[in-house]
Amino acid sequence: MNHLSLLLLVASGSALKVLVTGAGGRTGKLVFQQLKESASFAPVGLVRSKKAVKALRKVGGADDAEIVQADVTDGAALAAAMAGCDSVVLCTSAVPQILPFSIAKVLFKKVVLRRAEPGRPKFKFAPGGTP
């Protein structure tokens with residue numbers, strides 16, 4: 001859909017259907033809520049878990065038609081969620097896991113060796129979870 005089509009759609013009074021990925025997260029919920037408050041948009045929240053579905057219902061006041069439970073790494077599920085959408089707002093992110101030994105190493109350098117710059121702990125991403 002090009003810019004002219006979007007302008008015509010907005011001018012016609014039809015709400016733009018917007019898929020919000022990561023709608024179960026902090027930023028995604030805020031984006032979903034803001035879109036829901038506007039008559040110009042019809043948001044659809046994409047969440048990963050049943051817990052996130054319940055939370056979005058509660059916080060965003062969403063009904064079942066406005067929430068899709070799927071994994072963004074599942075191409076078929078993502079394509080189905082995007083069907084009929086005019087735009088997508090990506091609020092998904094990879095969450096790193098801290099490597100426990102790296103914290104011990106930094107603490108040792110700071111507390112025992114009293115280094116001014118002990119370095120930073122190291123992180124890793126779960127398989128398939130890189131940003």
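Residues numbered from 1 in each chain as written. Predicted model: local features only at pLDDT ≥ 70, side-chain atom pairs only at ≥ 80, totals over all residues. Heavy atoms only, no water.

Undergrad: I'd like a rundown of the overall build of the protein chain, residues and numbers included.
TA: Each helix and strand in the protein chain was counted, giving five helices and six strands. N-terminal to C-terminal, the α/β element order of the protein chain is α-β-α-β-α-β-α-β-β-α-β. Sorting the 131 residues of the protein chain into buried and exposed places 22% on the buried side. Intrachain contacts of the protein chain at a sequence separation of at least 6 include 58% that bridge at least 24 residues. In the structure as shown, the protein chain presents an accessible area of about 9000 Å², 60% of it carried by carbon and sulfur atoms. (Helix = DSSP H or I, 4+ residues; strand = E, 2+ residues; numbered from the N terminus. Buried < 20%, exposed > 50% of the residue type's maximum accessible area, 1.4 Å probe, protein only. Contact = heavy atoms within 4.5 Å. Areas by Shrake-Rupley, 256 points an atom, 1.4 Å probe, with all protein chains shown as cover.)

Undergrad: Let's hear about the pattern of salt bridges: which residues, and what values?
TA: If you walk through the whole model with that rule in mind, you get two salt bridges. Across the pair Glu66 and Lys36 runs a salt bridge, and its minimum N-O distance is 2.9 Å. You can see Glu66 sitting in the loop between helix 3 (50-60) and strand 3 (67-69) and its partner Lys36 sitting in helix 2 (residues 26-36), a full 30 residues away along the chain. On the accessibility criterion, Glu66 (15% relative accessible area) is buried. Among the salt bridges present, the one from Asp64 reaches Arg57, with a minimum N-O distance of 2.5 Å. (Salt bridge = Lys/Arg side-chain N within 4 Å of Asp/Glu carboxyl O.)

Undergrad: Explain the confidence of the model for the protein chain to me, and be specific about the residues and the numbers.
TA: Taken residue by residue, the protein chain gives an average pLDDT of 85. The fraction at 70 or more is 86%. Across residues 1-9 the pLDDT falls below 50, and counting only partners more than four positions away or on other chains, this stretch makes eight contacts in the model. (pLDDT = per-residue confidence, 0-100.)

Undergrad: Describe in detail a nonpolar patch on the surface, supporting the description with residues and values.
TA: On the surface, Ile98, Ile103, Leu107, Phe108, Val111, Val112, Leu113 and Phe123 cluster together into a nonpolar patch covering about 730 Å² of accessible area. Counting residues per element, the nonpolar patch draws most heavily on helix 5 (residues 100-112), which supplies five residues. Structurally, Ile98 is set in strand 5 (residues 97-98). (Patch = residues over 30% accessible without salt bridge, like charges linked within 9 Å, V, L, I, M, F, W, Y side chains within 5 Å.)

Undergrad: Give a description of helix 4 (residues 75-82) that names residues and reports values.
TA: Backbone nitrogen of Ala76 and a side-chain oxygen of the N-cap are separated by 3.2 Å at the start of helix 4; the cap is Asp74. Just beyond helix 4, the residue with positive phi is Gly84, at close to 85 degrees. (Polar contact = N/O pair within 3.5 Å; in protein donor to acceptor, adjacent residues only side chain to side chain.)

Undergrad: Help me get a handle on the nonpolar core, residues and values and all.
TA: Counting 13 residues, the largest nonpolar core has Val18, Val20, Ala23, Val47, Leu56 and Ile67 as the members making the most contacts within it. For this core, the secondary-structure elements that each account for two or more residues are strand 1 (16-21), helix 2 and helix 3. When neighbours within four sequence positions are excluded, Ile67 is seen to be in contact with Gly45, Val47, Val53, Leu56, Arg57 and Ala62. Counting six residues, the second-largest nonpolar core is a separate cluster that includes Val44, Leu46, Ala70 and Cys85. (Core = buried A, V, L, I, M, F, W, Y, C linked by side-chain atoms within 4.5 Å.)

Undergrad: Talk me through the sheet that holds strand 4 (residues 87-90); I want residue IDs and the actual numbers.
TA: Ordered in space as 3-2-1-4, the four strands form an open sheet in which the pairing is parallel. The open sheet has two edge strands, strand 3 and strand 4, and neither has a second partner. Across this sheet, the average inter-strand angle for adjacent strands is 25 degrees, counted without regard to direction. Both strand 1 and strand 4 contribute to a ladder of four bridges, which runs parallel. Bridging from a neighbouring strand, Thr21 pairs with Leu90 of strand 4. Here helix 2 sits on the sheet in contact with strand 1, strand 2 (41-47) and strand 4, set at roughly 160 degrees to strand 2. Contacting strand 1, strand 2, strand 3 and strand 4, helix 4 runs over the sheet at an angle of about 150 degrees to strand 1. (Pairing = 2+ DSSP bridges. Axes fitted to C-alpha atoms, helices over the stretch in contact; angles between N-to-C directions.)

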